[in-house]
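The primary structure of each chain is shown beneath.
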Amino acid sequence: MKKRDLLQNFLWILPNKATPEKLNNATLHYKSSFHKLILATYGILHPKVQWSEIPSTTELAEEVQKQIVCINTNETSKVELLHKIEVYQPNIIIFAGTFKEIGASEMEKIGWDISYSAKRYVNDDQLGNTTAFYITSPTRLCIEAFHPNDYQISDKTYWYEMKKAVELWEEFR
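Keep in mind the model is a prediction, meaning the values are calculated, not measured.

Engineer: Before we go on, may I ask you to explain the pattern of salt bridges in this structure?
Structural biologist: Opposite charge on two side chains permits them to pair, given that their charged atoms come into close proximity. Tallied over the full model, the rule gives two salt bridges. When the shortest N-O distance is used, the salt bridge between E144 and K119 registers 3.5 Å. You can see E144 sitting in strand β6 (residues 140-145) and its partner K119 sitting in the loop between α5 (104-109) and β4 (120-121), a full 25 residues away along the chain.

This is the structure in structure tokens:
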């Protein structure tokens, strides 16, 4: 499998009631969780695009919506969530403020053993350390990110750190 092919199968786990099907102009305003989610997803899928070249989230919503699966932890039990991960078999899981709800021991039960993987950070002196990631295998990446609605993290930082975590994983493979 080619490196970029693995990016067609990734999962966002959010504590939101919104789902990608509800992406529209009303949910895409700058304070929306989906605004950063769309920017970050676009950055992962199009790593050569610079920040200044990114189209508006309104323009990107349809493309991104086709590329992702989102699971809401508020409406899904831990058992159901783990089952959905097993069924979907993502290569990348992005826990957006939800990693503590699942935990490493639960992930191990479904073959995502992060206990032997070093917790790494997307380090950048200008942007700080807000995103951690675990390379669990050459075909699996687990990202522990802040919730996309966190006002302390700029859109650009969120976009950059998600994109950079995936780039570092690709270099590892």
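Engineer: So what exactly am I meant to see when it comes to the packing of aromatic side chains here?
Structural biologist: The way to describe two aromatic rings as a pair is by their centre distance and the angle between their planes. Tallying each qualifying case throughout the model produces four aromatic pairs. Geometrically, the ring pair formed by W51 and W159 is tilted, given 5.2 Å between the ring centres and 50° between the ring planes. Here the residue W51 occupies a position in the loop between α1 (33-45) and α2 (57-67), and W159 occupies one in helix α6 (residues 155-172), the gap between them amounting to 108 residues. Residue W51 is classed as partly exposed on the basis of its relative accessible area, which comes to 30%. The exposure class assigned to W159 is buried, which follows from its relative accessible area of 5%. Their ring planes at 80° and their centres at 5.2 Å tell us that F95 and F99 sit as a pair that is edge-to-face. Assigned by exposure class, F95 and F99 land together as buried.

Rules and cut-offs
Residues numbered from 1 in each chain as written. Predicted model: local features only at pLDDT ≥ 70, side-chain atom pairs only at ≥ 80, totals over all residues. Heavy atoms only, no water. Salt bridge = Lys/Arg side-chain N within 4 Å of Asp/Glu carboxyl O. Helix = DSSP H or I, 4+ residues; strand = E, 2+ residues; numbered from the N terminus. Phe/Tyr/Trp six-rings, centres within 6.5 Å; stacked < 30°, edge-to-face > 60°. Buried < 20%, exposed > 50% of the residue type's maximum accessible area, 1.4 Å probe, protein only.

Function cannot be inferred from these measures alone, as they are strictly geometric.
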